[in-house]
Every structure is written in structure tokens, then in C-alpha cells.
Amino acid sequence: MQNDPAARRRRITAPRAGPLLVEGPVDVTLDDGTTVSSDRFCVALCTCRRSRIYPWCDTSHRRPARPSRPDSPGSEPASEPPP
């Protein structure tokens, strides 16, 4: 069993901000029970859930959350400077 790649320990790096970096190849089981696979030597697993290719990271965590637009409903109008 020592030489079986499936039984080999995997190294996971958990940076403070960003994805989990996992030495591959990996199989990831999602919430709905489906399994996705990657044969890459290292994969980045999304932890912010903003990724368009979830569970893989697409660096969406680097973009700030979308700010509300000043003309959107519920936003307060900008005040005018005093004359």
C-alpha cells in the first residue's frame, strides 16, 4: 500500500486569504454528491465561493465585493456642497 498513489498523504496549504492549495491529483466531492477530478500537480480549491469554476479557484477572491451604485434603489442621494 505504500506505493499506491491513492493512499499517499496529500499536502494542503491554507493561506490566510485565498484558496486551499492541494498537491494533486485530487478528487473533490461536492455538496450534491458529485465528484470532480484534477490531475494537476497542485490545485487551488476556492474557499470564498465566488469562483465561476467552483470548486476550483479563479482568483475571484482578489476582487472586492461589488459596491452599491449611487443610482441604485435604496441608496441615498449625494448631498450637494453648501453655496
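Please read all numbers here as calculations on a predicted model, not as lab measurements.

Draft legend 1. Representation of the pairing of strand 2 (residues 20–23) in the model. The sheet contact formed by strand 1 (residues 12–13) and strand 2 spans two bridges and is antiparallel. Within strand 2, the position partnered with Ile12 by the bridge is Val22. Here four bridges tie strand 2 to strand 5 (residues 42–45), and the two strands are oriented antiparallel to one another. Paired with Leu21 across the bridge in strand 5 is Ala44.

Draft legend 2. Highlighting the pairing of strand 4 (residues 35–38). Note: strand 3 (residues 26–29) against strand 4, four bridges, orientation antiparallel. By the bridge assignment for strand 4, Val26 is matched with Ser38. Here strand 3 hands over to strand 4 after five residues, with Gly33 in that stretch at a positive phi of 95°.

Draft legend 3. How the structure looks around unusual backbone geometry. A cis amide bond links Gly24 with the next residue in sequence, Pro25, at an omega value of 0°. Residue position: Pro25 is located in the loop between strand 2 and strand 3. Residue Pro55 follows Tyr54 across a cis peptide bond; omega there is 15°. Of note in this structure, Arg49 is not a glycine but carries a positive phi near 65°. Its place among the elements puts Arg49 in the segment after strand 5. The backbone phi angle of Thr59 is positive, close to 70°, even though this residue is not glycine. Given the relative accessible area of 30%, Thr59 is considered partly exposed.

Draft legend 4. Examining the nonpolar core more closely. Core analysis: the biggest nonpolar cluster contains five residues, these being Val22, Val26, Val28, Val43 and Leu45. Among the elements of the structure, strand 3 and strand 5 are those that each provide at least two residues to this core. Setting aside its immediate chain neighbours within four residues, Leu45 contacts Pro19, Leu20, Val22, Val28, Pro55, Trp56 and Cys57.

Draft legend 5. Summary view of the sheet that holds strand 1. Ordered in space as 1-2-5, the three strands form an open sheet in which the pairing is antiparallel. Each having just a single partner strand, strand 1 and strand 5 make up the two edges of the open sheet.

Reading the values: the criteria
Residues numbered from 1 in each chain as written. Predicted model: local features only at pLDDT ≥ 70, side-chain atom pairs only at ≥ 80, totals over all residues. Heavy atoms only, no water. Pairing = 2+ DSSP bridges. Helix = DSSP H or I, 4+ residues; strand = E, 2+ residues; numbered from the N terminus. Buried < 20%, exposed > 50% of the residue type's maximum accessible area, 1.4 Å probe, protein only. Core = buried A, V, L, I, M, F, W, Y, C linked by side-chain atoms within 4.5 Å. Contact = heavy atoms within 4.5 Å.

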